[in-house]
Amino acid sequence: MAELDEKSKLLLNVMQDEVPLVERPFKALGEKIGCSEDEVVDRVRMLKEQKVLRQVSTIFDTRSLGYQSSLVACKFPEGKADEVAEALNQHPGISHNYARKHEFGLWFTIAVPGENMARLQAHMDVLQQLSGAQSIRLMPTLRLFKIGMKLDMTDGKAKKLGLDEEGPMYSDKQRGIEKPPLTEKDIRYILALQEDMEVRPDPYAPVAQQLNTTTDEMFDWCRNFIKIGRMRRVAGIMNHRHAGFRANGMGVWNVPIERIEEIGMFFGQQGPITHCYLRPQYPDWRFNIFTMVHSQKVASSDEYLAGLSKQTGLDDYAVLYSYKEYKKIRLLYFTGEIEAWEKANGIEASKYQ
């Protein structure tokens, strides 16, 4: 873990909230934390070199861009975790892949174009054959209660200074907003904005130049995409392990049907919970509410989730900690790589239109 001073920790907190849509965003961030623009730029470069800050880019909503996505639980033959994970990682739509301590020992996220679950299942069938996995369970989001990934680097100091916005929340409310069809212009903007931005005083300028437009017009497009729920924000994306948050605990809960709304909304309002979803149950998987908590120590996550269990009266839960990261990248949209993988593996996309 890199040793960070208070200013860098404050900077990481505010960058997770937002890299503002203005000509000089690092100047605006510096004014928040009491640093000059040049100092913020230098600190961002240093944080990226230290791999604490993974990248600075736009966060889009996968489903709102016309992709079908899912968390996937994978059971593998004994001693074959590395081999199975390596085979899975060749799929360009798999962005995260972790080993967790459970009978289902690999957990990955995957996205494919289109909204037909049968197309996603076709990918699962091929992946199971290619990887040698014993069982693959699709765990799509049935209800999104919260996505608000934010790691508090300041141990509460940012909040005392009025710099903690509790993390942006994105839920089914934004996802459900009616959206017009994507245009060629939209796709051009997505392709440009999804890449890691250059660290310079005016990081948006090269993107606008690439799009042959002005930054003002690009900002207007971004604000509209945020308004209709296709885009969440531009932000600093953290590497939680390098930032010291090594306890990546996925709390899974068996919640009675009649309490799903109550519990999902309650968990979604808890600051330490960064993600909260309703997912399907199976004969060999009884948990339906998934929560994510990141902390520096396993004991802290255990204690926190035990407290939630006591508060809610839900005692049928488990915490699955990741112990190995096989893959973690930002999913790139509209690049054609997933379609090329389909073609190479005999999946006829036209069947699922």
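Before any of the text, the structure's been laid out above.
Chemist: How would you sum up helix H4 (residues 81–88)? Please name residues and give values.
Modeler: Listed as buried for H4 are Ala-81, Val-84, Ala-85 and Leu-88. Looking down the long axis of H4, one finds its buried residues gathered within 100° of arc, a one-sided arrangement. In this fold, the buried residues of H4 make contact with strand E2 (67–75), strand E3 (94–100), strand E4 (106–113), helix H5 (117–131) and strand E11 (317–328).

Chemist: Which residues make up the nonpolar core, and what are the values?
Modeler: If you look at the biggest cluster of nonpolar residues, it comprises 70 residues, and the most contacted ones within it are Leu-11, Met-15, Phe-60, Leu-106, Ile-110, Met-124 and Met-218. Listed in part, the 14 residues of the second largest apolar core include Val-255, Ile-260, Ile-273 and Leu-308.

Chemist: How would you sum up the packing of aromatic side chains? Please name residues and give values.
Modeler: Enumeration over the complete set of coordinates arrives at 15 aromatic pairs. Considering the side-chain rings of Phe-60 and Phe-225, the 6.5 Å spacing of their centres and the 90° angle between planes classify their relative orientation as edge-to-face. With a gap of 165 residues between them, Phe-60 in strand E1 (residues 53–60) and Phe-225 in helix H10 (residues 215–227) connect regions that are remote in the sequence. Considered together, Phe-60 and Phe-225 belong to a single accessibility category, that of buried residues. Between Tyr-204 and Phe-219, the ring centres sit 5.1 Å apart and the planes meet at 90°, which makes this aromatic pair edge-to-face. Residue Tyr-204 is located in helix H9 (residues 204–210), and its partner Phe-219 is located in helix H10; the two are separated by 15 residues in the primary sequence. The exposure class assigned to Phe-219 is buried, which follows from its relative accessible area of 3%. Following the ring pairs from residue to residue traces out a cluster consisting of Phe-60, Tyr-67, Tyr-189, Trp-221, Phe-225, Tyr-333 and Phe-334. Taking the ring centre of Phe-104 as reference, the NZ or CZ of Lys-75 above it sits at 4.8 Å. The side chain of Arg-279 reaches across the aromatic face of Phe-290, ending 5.3 Å from its centre.

Chemist: Explain the pattern of salt bridges residue by residue, including any values.
Modeler: Counted under the stated rule, the structure contains 18 salt bridges. Ionic pairing is found between Glu-37 and Arg-24, a salt bridge with its closest N-O pair at 2.8 Å. Of this pair, Glu-37 sits in helix H3 (residues 37–49) while Arg-24 is found in the loop between helix H1 (6–17) and helix H2 (25–33), placing the two residues 13 residues apart along the sequence. One salt bridge connects Arg-232 with Asp-61, and the closest N-O pair in it is separated by 3.1 Å.

Chemist: Talk me through the side chain of Thr-274; I want residue IDs and the actual numbers.
Modeler: With respect to the helices and strands, the residue Thr-274 is situated in strand E9 (residues 273–278). Of the polar contacts made by the side chain of Thr-274, one reaches the side chain of His-275; its length is 2.7 Å.

Chemist: I'd like a rundown of unusual backbone geometry, residues and numbers included.
Modeler: Notably, Lys-51 is not glycine yet its phi reads approximately 65°, a positive angle. Mapped onto the secondary structure, Lys-51 falls in the loop between H3 and E1. Backbone geometry places Phe-334, a non-glycine residue, at a positive phi of 60°. Considering the arrangement of structural elements, one finds Phe-334 in the loop between E11 and helix H13 (337–344).

Chemist: Before we move on, could you go through H5 and cite the residues and values that matter?
Modeler: For H5, built from 15 residues, the straight-helix expectation of 21 Å at 1.5 Å per residue is met to within 8% by its first-to-last C-alpha distance of 21 Å. Listing the buried residues of H5 in full gives Arg-119, Leu-120, Ala-122, His-123, Met-124, Val-126, Leu-127 and Ser-131. Looking at the buried residues of H5, the elements they touch are E2, H4, E3, E4, strand E5 (135–139) and H13. Measuring from the backbone nitrogen of Ala-118 back to the side-chain oxygen at the start of H5 gives 2.8 Å, which picks out Asn-116 as the cap. Remark: Gly-132 follows H5 within two positions and exhibits a positive phi of approximately 80°.

Calculation notes
- Residues numbered from 1 in each chain as written.
- Predicted model: local features only at pLDDT ≥ 70, side-chain atom pairs only at ≥ 80, totals over all residues.
- Heavy atoms only, no water.
- Buried < 20%, exposed > 50% of the residue type's maximum accessible area, 1.4 Å probe, protein only.
- Helix = DSSP H or I, 4+ residues; strand = E, 2+ residues; numbered from the N terminus.
- Arc of directions from axis to C-beta.
- Contact = heavy atoms within 4.5 Å.
- Core = buried A, V, L, I, M, F, W, Y, C linked by side-chain atoms within 4.5 Å.
- Phe/Tyr/Trp six-rings, centres within 6.5 Å; stacked < 30°, edge-to-face > 60°.
- Lys NZ or Arg CZ within 6 Å of the ring centre and 35° of its normal.
- Salt bridge = Lys/Arg side-chain N within 4 Å of Asp/Glu carboxyl O.
- Polar contact = N/O pair within 3.5 Å; in protein donor to acceptor, adjacent residues only side chain to side chain.
- Expected span 1.5 Å × (residues − 1).

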